[in-house]
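Below, each chain spelled out in residue letters.
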Amino acid sequence: MIHDFGIVWSERDLLLSGLGNTTILSVLSAAAALLTGFALTPALMSKQPLLGGIARGFVDGMRCVPFLLFAYIVYYGLPSFGIRLDNWTSGLVALTIYNAAYMAEILRGAWAAQPREPIEAGVAFGFSHLGLFRHIVLPPLLLAAGPVIGNQMIQIVKDSAFLTIIALPELTHAASSIQSRHYVPFAAFITAVFLYWGLCLVIEAGVSSVERLAAARR
Amino acid sequence: MTGGDVLAILQGAVVTVTLSLTGILIGLPIGLALAVLRWADVPIVARIVAVYVSILRATPLVTLLLLLFFALPNIGIAIGPISAAILALVMNTAAFNCEVWRAALMNFPKDQYEAAQSVGMNAALRFRRIVLPQIVRGSLPGLVNEMSLLIKVTPVLAVVGVVDITRAAVRIGAETYDPLPPFLVAVALYAPIVFALVSLQRWIERRQSKAEAAA
């Protein structure tokens, strides 16, 4: 058993590059999904039936489709329309679009729960649209939605593991190749599990520091 | 894509639904047991459960499944794709259910528990007659939410060779060189199942908040 972990240790470069790729994938797509979610949220809250309906349909649709199937469709299905993406682009696009729907729903919930008074006061003080959003709406919104956004980031890290099926060299894929090369399944995958755990603990620590910040501001 | 292909995907749907139901039915009581162990603060065991839940909640199902499928035979436990799939689903969903049950247990009013104690109910009776009926109601929306999440991760089971909706669709796509139609059929099967669970969750929440407003 110790010998098996020795083999995994000798392949640490592969495992670390997998961990690096998982981190890059998660961070990039989480940031992109959050931004897209922000763009979607006003549409989701729109009183216009067409715009609101399309946004609602997109968000509910994404929430009913398994991520792995969605990734398959982006990678294998889009070429039918003449759109051919490599595995990195497909992975990033799939993670981003899929999670943007969840982010939009999270932000909508937090936005709807915000008190109206500060916004009205901001309008009375003559803040412009963008200034109002940046200085009055955004800070409490991000603090309120912080923990749920953190949960979604953990979900993104876990979703990124599904991308091993389109041969993206992330952490699970690295563990798989070590296992198939040396036949040390337990050592390879348990190491991957602990690395995922570490990644999630880092995200949770980030979330609790945001929570402390929110408590200090209150 | 022929009618036979659609039938093959439908057979996959039977496998997906059966495995999901098995995972849910075994995972629910195990999650409750884990939550009670943490709630009762059993020394050492409660700590182990806390670490288990923390690790399992951070582990992608693919990684867990590959670990079980390849490592268990290595230590002499023969396991097929179906058993590995069920074991992975149960281990995963029990950890999430544990958190839902535990939240309901933490919110349980202490005075009711003490009242039951004072009329001489023993621990088992207190739990069955007083605690359980009320925490079931409190946890229901969270548990249904977890069921819809579980169905959304089942396509992963195809990785070890379980012929579910996803694997059937992939196979047909590879045979016909036109993967889009079978994938769309697969989406048309998953979406109503997940949507039904999401609607059920919203309906339970609405009904409960109405009942609370009336009380």
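Each chain carries its own residue numbering, running from 1 in the written order of its sequence. Each chain takes a letter, starting from A, and each ligand takes a number, starting from 1, following the order in which they are written. It should be noted that, the model being predicted, local features are given only for residues of pLDDT at least 70 and side-chain atom pairs only at 80 or more, the latter also being counted only at that level, while totals for whole chains, interfaces and linings use all residues. The side-chain values count all of the structure's non-hydrogen atoms but skip hydrogen atoms and water molecules.

**Digging into the overall build of chain B**
- Helix and strand definitions follow DSSP, with helices as H or I runs of at least four residues and strands as E runs of at least two, each counted in order from the N terminus. If you tally the helices and strands in chain B, you get 8 helices and 0 strands.
- Secondary structure elements in chain B, listed N-terminal to C-terminal, are α-α-α-α-α-α-α-α.
- Expressed as lengths along the three principal axes of its C-alpha atoms, the size of chain B is roughly 70 × 50 × 25 Å.
- Three exposure classes are used, based on accessible area relative to the maximum for each residue type with a 1.4 Å probe and protein chains only: buried under 20%, partly exposed in between, and exposed over 50%. Counting across all 215 residues of chain B, residues that qualify as buried make up 44%.
- We call two residues contacting when some pair of their heavy atoms lies within 4.5 Å. At a minimum sequence separation of 6, the contacts of chain B that also span at least 24 residues come to 75%.
- Shrake-Rupley sampling with a 1.4 Å probe provides the accessible areas, and residues are treated as covered by the protein chains on show and by no other component. Accessible surface, chain B as shown: approximately 10,400 Å² in total, 66% of it carbon and sulfur.
- When charges are counted, Lys and Arg are positive and Asp and Glu negative, with His and the chain ends excluded. Here the site of a charge means atom NZ of a Lys, CZ of an Arg, CG of an Asp or CD of a Glu. Taking the average place of the 16 positive charges on the side chains of chain B and the average place of its 11 negative ones, the gap between the two points comes to 8 Å.

**Some words on the interface of chain A and chain B**
- Contact residues are listed per partner, giving 37 residues for chain A and 34 residues for chain B.
- Here the buried area means the combined drop in accessible surface, using a 1.4 Å probe, for two parts upon being joined, counting both sides. In total, chain A and chain B occlude about 3,100 Å² of area from one another, counting both sides; carbon and sulfur atoms represent 76% of this.
- Each reported salt bridge corresponds to a side-chain nitrogen of Lys or Arg within 4 Å of a carboxyl oxygen of Asp or Glu. Inspection of the region where chain A meets chain B yields 1 salt bridge.
- The salt bridge partner of A:Asp60 is B:Arg202, with a shortest N-O separation of 4.0 Å.

**Quick look at helix H1 (residues 3-39) of chain B**
Residues and elements named next belong to chain B.
- Expected helix span is taken as 1.5 Å per residue step, with the number of steps being one fewer than the number of residues. For H1, which comprises 37 residues, the first-to-last C-alpha distance of 53 Å matches the rise-based estimate of 54 Å (1.5 Å per residue) to within 8%.
- The largest bend in H1 comes to about 25°, at Gly27, with the proline Pro29 one to four residues further on.
- The first or second residue beyond H1 is Asp41, which carries a positive phi of 55°. The seven residues ending at a residue and the seven starting there each receive a fitted axis; the angle between those axes is the bend at that residue.

**Some points on the packing of aromatic side chains**
All names here are of chain A.
- Classification of ring pairs rests on two measures: the distance between centres of Phe, Tyr or Trp rings, Trp counted by its six-membered ring, which must be within 6.5 Å, and the angle between planes, read as stacked under 30 degrees, edge-to-face over 60 and tilted in between. All told, the structure shown has 11 aromatic pairs over all chains when counted by the stated rule.
- Between Tyr98 and Tyr102, the aromatic rings sit 5.2 Å apart at their centres with planes inclined by 45°, giving tilted as the arrangement. With Tyr98 and Tyr102 both in helix H5 (residues 87-112), this residue pair falls 4 residues apart, about one helical turn.
- In this structure Tyr98 comes out as buried when scored by relative accessible area, which is 4%.
- Residue class for Tyr102 comes out buried when judged on its relative accessible area of 14%.
- Linked through ring pairs, Phe67, Phe70, Tyr98, Tyr102 and Phe162 together constitute an aromatic cluster.

**Concerning the packing of helix H4 (residues 67-77) of chain A against helix H8 (residues 180-214) of chain B**
- All axes here are fitted lines through C-alpha atoms, helices being fitted over the stretch that makes contact, and every angle between N-to-C directions spans 0 to 180 degrees. Where H4(A) meets H8(B), the closest approach of the two axes is 10 Å, and the angle between their N-to-C directions is 165°. Taken as axis vectors, H4(A) and H8(B) run roughly antiparallel relative to one another. Between H4(A) and H8(B) the crossing geometry is left-handed. Contacts between H4(A) and H8(B) pair A:Leu69, A:Tyr72, A:Ile73, A:Tyr76 and A:Gly77 from the former with B:Leu180, B:Phe183, B:Ala186, B:Val187 and B:Tyr190 from the latter. Geometric relationships in this document are graded by angle, where less than 35 degrees denotes roughly parallel, more than 145 denotes roughly antiparallel, 65 to 115 denotes roughly perpendicular, and other angles denote oblique. Each crossing gets its handedness from the near helix: less than a right angle anticlockwise from the far helix is left-handed, clockwise is right-handed.

**Re the side chain of A:Gln179**
- Mapped onto the elements, A:Gln179 comes out in helix H8 (residues 171-182).
- Setting aside chain neighbours within four positions, we find A:Gln179 in contact with A:Val184, A:Pro185, A:Ala188, A:Phe189 and B:Phe70.

**Some remarks on the side chain of B:Thr166**
- With respect to the helices and strands, B:Thr166 occurs in helix H7 (residues 165-176).
- On the accessibility criterion, B:Thr166 (1% relative accessible area) is buried.

**Looking at the confidence of the model for chain B**
Residue and element names in this part refer to chain B.
- pLDDT: the predictor's confidence for each residue, scored from 0 to 100. Scored by pLDDT, chain B has a mean of 90; 100% of the residues are at 70 or more.
- Taken element by element, the predicted model of chain B shows its lowest mean pLDDT in helix H5 (residues 110-118) (85) and its highest in helix H2 (residues 45-58) (94).
- Complex prediction metrics read pTM 0.87 and ipTM 0.85.

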